[in-house]
Every structure is written in C-alpha cells, then in structure tokens.
Amino acid sequence: MTLRPTVDFLLHDWLHVETLQQRERFADHSRETFDAVLDTCERIAREKYAPFNRLVDTQEPHFDGERVILPQATHDAQKAYAASGMLSAAQDYDVGGMQLPYTVEAAANAFFAMASVSIGSGMLTTGNANLLMVHGTEMQKQVFALNEFSGRFSGTMCLSEPQAGSSLSDVSTRAVPDGADFADDPLGPRYRLKGNKMWISAGEHELTENIIHLVLAKIPDENGKLVPGTRGISLFIVPKKMVNTAGELTGERNDVALAGLNHKCGWRGTT
Ligand SMILES: Cc1cc2nc3c(=O)[nH]c(=O)nc-3n(C[C@H](O)[C@H](O)[C@H](O)COP(=O)(O)OP(=O)(O)OC[C@H]3O[C@@H](n4cnc5c(N)ncnc54)[C@H](O)[C@@H]3O)c2cc1C
C-alpha cells in the first residue's frame, strides 16, 4: 500500500496537523498518538479489508428469506474496525472516545476506503451516532449512540424513497402518533411509520446485534394530509429490534421488512 507517505505529507508537511495540539481538546495528542492511529488503521485495512475486496464483490449479499447473508470476511473486518475504537474516535474521553481531530480521523479512514470501500467501515454508524449525540436526548444517546460507538449496534440513514432522491421534500413516508400516550415514552415521543425507503446502505444484515435506522418521514397535518414541500418532515429513530431504556433487546422485532437488495456499482459488498 502506498497511501501512507501521501497521508503523512498531507497531514504533517502541508496541514501541520500537530499544531492542533495547542487546542485544549487535543492537548494530549502528539505526532506519536496520530501515528499510532494511522498505524493501526493501515494494519487493519491491509490485513482485514484489502485481501477480501474481490471476494465481497463476487459473493454479494443475499437474502435467504429471513436474513441477509454476508461473507465471514465482512464480519471479521467490521469487528476489527469496531475494536480499533475508530467508531468513536472523535468523541469525548468520558464516553470512550479518543478526542481525535477530525482531520486525522478522516485521514485514517482513507486506508479502509482504499482497501475496500465495499466492505465499508463505520461511516454510516459514526454519522448516525454523532447526529444523536448532538440532537438526541440523554436517554437516546445512552441507548442508541453509545451502543453504536461500541460496535454493538450499527446505524443507517434512510432518506431516499423510490420516488424521492435529490428531492427529499417529496418523501411520502408518514409518521403518526402511536396512541394517546405517545409523548410519554422515555425513549422519546413514539410514532408509527409507514412507507418505503430505497438504496439504504447497510440497511439489513447480521453484522451487529441491532440496526438503528434514522428515518426521514412526514407528520400529516390536522386533516391527515401530508403537506407538500419540506414542512412536516422530521427524523425518527427506528431500531430494527425493539430496545428498552437500558439498551437491552426486548426480543420483539420492529416491523421493518426488507423489500429487496440492489446491486451497487463498485459497492457490491454492501447491502
Ligand atoms: C451507492 C449508493 C448508496 C446510497 N446509500 C443511501 C443511503 O444509505 N441512504 C439513503 O437515504 N439514500 C442512499 N442512496 C440514495 C442517494 O441518496 C440518491 O441516489 C440521491 O439522493 C440521488 O437521488 P436519485 O438517485 O433518485 O437521483 P435523482 O434525484 O432522480 O437525480 C437524477 C439526476 O438529476 C439531477 N437533478 C436532480 N434534481 C435536480 C434539480 N433540482 N436540478 C438539476 N438537476 C437535478 C441529479 O443531479 C442527477 O444527475 C444511495 C445511492 C447510491 C448510489
């Protein structure tokens, strides 16, 4: 792999990334800690990703009617990625993160993108959990985001629909309050969602105990109609399997059904 000299040049000679250490948040970091992260990611990418890039292309995900089957190599790669701590690299120390500057995190993730973009790293999971850390309630952070950072759960973003790609104001997934006491759920106001999503990367698999979908849907107006445009759009946490307030699976499967798998050009190994 010849990526490392380029990454080193960009980070150190061009961006002088070690000057970030002057900021309080990154005070414990140094060239050595940045190098340690890059070394780890380079090694995992070389050992667990690159050798299987072709395999995951030829053994595409398939659905046996109940589960989506992925090659063992994908399971091993994702476990190694989660164990490296990269899912929560930018997070605070007190939630198990490394307080790593984003510049270094992005550079370290380049090794995985180069070794096998198709096996994927934790981009969607990290993005999903980061969003919850900024916008979620304390309970939502504990139950969903922290379990994503540890690699126990994974995350998706469910924006697109068969008829709504770039034009997200056209989403027609509906969200209606679930019962008179819908606002009383400790995990947040509870809605029932109905609709179709499409092209959802890592939308179904058995790589993790649970999948936390972040779903764009519209809340109808007082006449039960969806308002055209962006009004009424909100974002909902939809776990594949229901969880309680301690983050434990209740044993109940949420009503999310896989309609089919798409072949993604260049990304065949990802559902
Ligand atoms: C590999 C892959 C992974 C994906 N993963 C996810 C995922 O995880 N979650 C998810 O929600 N979605 C996902 N998507 C869907 C992705 O978000 C959509 O493909 C994207 O939003 C574009 O929508 P579309 O394909 O329907 O194209 P369209 O919106 O129909 O666009 C088609 C063409 O028209 C152009 N166009 C569209 N609107 C305008 C306009 N107003 N003015 C001028 N030109 C315009 C576009 O630039 C494009 O060239 C994924 C797609 C791919 C290819």
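Keep in mind the model is a prediction, meaning the values are calculated, not measured. (Residues numbered from 1 in each chain as written. Predicted model: local features only at pLDDT ≥ 70, side-chain atom pairs only at ≥ 80, totals over all residues. Heavy atoms only, no water.)

**Looking at the domain arrangement of the protein chain**
- Looking at the assigned domains, one finds that the protein chain contains domain 1 (3-121) and domain 2 (139-253).
- With centres defined by C-alpha atoms, the gap from domain 1 to domain 2 works out at 27 Å.
- On the domain 2 side, the residues contacting the 11 residues of domain 1 number 9 residues.
- The interface formed by domain 1 and domain 2 holds 1 salt bridge in total.
- Between Arg67 and Glu206 there is a salt bridge, with the nearest N and O atoms lying 3.3 Å from each other.
- At the boundary of domain 1 and domain 2, one finds 1 residue pair in polar contact (both at pLDDT 80 or more).
- Take the side of domain 1 that touches domain 2: its biggest share by element is 4 residues, from helix 4 (residues 72-83).
- Here the residues of the side of domain 1 that touches domain 2 are counted per class, giving 5 nonpolar, 5 polar and 1 charged. (Domains from an automatic or database assignment. Contact = heavy atoms within 4.5 Å. Salt bridge = Lys/Arg side-chain N within 4 Å of Asp/Glu carboxyl O. Polar contact = N/O pair within 3.5 Å; in protein donor to acceptor, adjacent residues only side chain to side chain. Helix = DSSP H or I, 4+ residues; strand = E, 2+ residues; numbered from the N terminus. Nonpolar A, V, L, I, M, F, W, Y, C, P; charged D, E, K, R; others polar.)

**Topic: the pattern of salt bridges**
- Applying the stated rule across the entire model yields 19 salt bridges.
- The partner of Glu42 in a salt bridge is Arg46, with the nearest N and O atoms 3.5 Å apart. Of this pair, Glu42 and Arg46 both sit in helix 2 (residues 31-49), 4 residues apart, which is roughly one turn of the helix.
- With a relative accessible area of 11%, Glu42 lands in the buried category.
- In this structure Arg46 comes out as partly exposed when scored by relative accessible area, which is 44%.
- Taken together, the salt bridges that share partners define one network made up of Arg4, Asp8, Arg31, Asp35, Asp39, Glu42 and Arg46. (Buried < 20%, exposed > 50% of the residue type's maximum accessible area, 1.4 Å probe, protein only.)

**Digging into a nonpolar patch on the surface**
- Taken together, the side chains of Phe9, Leu10, Trp14 and Leu15 make up a nonpolar region of the molecular surface, amounting to roughly 430 Å² of accessible area.
- As for its position among the elements, Leu10 is in helix 1 (residues 3-14). (Patch = residues over 30% accessible without salt bridge, like charges linked within 9 Å, V, L, I, M, F, W, Y side chains within 5 Å. Areas by Shrake-Rupley, 256 points an atom, 1.4 Å probe, with all protein chains shown as cover.)

**A word on the environment of Asp8**
- If you trace the backbone, Asp8 turns up in helix 1.
- When the C-alpha atoms of Asp8 and Glu18 are compared, they prove to be 11 Å apart, with 10 residues separating the residues in sequence.
- Excluding residues within four positions of it along the chain, Asp8 makes contact with Asp13, Arg31, Asp35 and Leu38.

**Examining helix 1**
- Given a rise of 1.5 Å per residue, 12 residues ought to cover 16 Å, and the 16 Å separating the end C-alpha atoms of helix 1 matches this to within 8%.
- Taken as a whole, helix 1 has its buried residues at Leu3, Arg4, Val7, Asp8, Leu11 and His12. All buried residues of helix 1 project into a common sector of 125 degrees when viewed along the axis, lining one side. Those residues of helix 1 that are exposed and angled more than 90 degrees off the buried face are Pro5, Asp13 and Trp14. (Expected span 1.5 Å × (residues − 1). Arc of directions from axis to C-beta.)

**Regarding helix 6 (residues 123-135)**
- Over its 13 residues, helix 6 extends 18 Å from the first C-alpha to the last, a length consistent with the 18 Å expected when each residue adds 1.5 Å.
- Along helix 6, the positions that sit buried rather than exposed are Thr125, Thr126, Asn128, Ala129, Leu132 and Met133. Looking straight down helix 6, one finds its buried side chains confined to an arc of 165 degrees; they lie on one side. Facing away from the buried side of helix 6 by more than 90 degrees, the exposed set consists of Met123, Val134 and His135.
- Among the structural elements, helix 5 (102-116), helix 7 (138-149), strand 3 (153-158), strand 6 (210-218) and strand 7 (233-239) are those in contact with the buried residues of helix 6.

**A few points about the side chain of Asn210**
- Structurally, the position occupied by Asn210 is in strand 6.
- Residue Asn210 is classed as buried on the basis of its relative accessible area of 0%.
- There is a polar contact of 3.5 Å between the side chain of Asn210 and the backbone nitrogen of Lys240.

**Let's talk about the packing of aromatic side chains**
- Here the structure, examined in full by the defined rule, presents 4 aromatic pairs.
- Relative to Tyr191, the ring of Phe182 lies with its centre 5.5 Å away and its plane at 75 degrees, an arrangement referred to as edge-to-face.
- When its relative accessible area of 23% is taken as the criterion, Tyr191 is described as partly exposed.
- Here Tyr191 and Phe236 contribute two aromatic rings whose centre-to-centre distance is 5.2 Å and whose plane-to-plane angle is 65 degrees, an arrangement assigned as edge-to-face. Of this pair, Tyr191 sits in strand 5 (residues 191-194) while Phe236 sits in strand 7; the two residues are 45 residues apart in sequence, bridging distant segments of the chain.
- By relative accessible area, Phe236 is classed as buried at 9%.
- Through a chain of ring-to-ring contacts, the aromatic side chains of Tyr49, Tyr81 and Phe112 assemble into a single cluster. (Phe/Tyr/Trp six-rings, centres within 6.5 Å; stacked < 30°, edge-to-face > 60°.)

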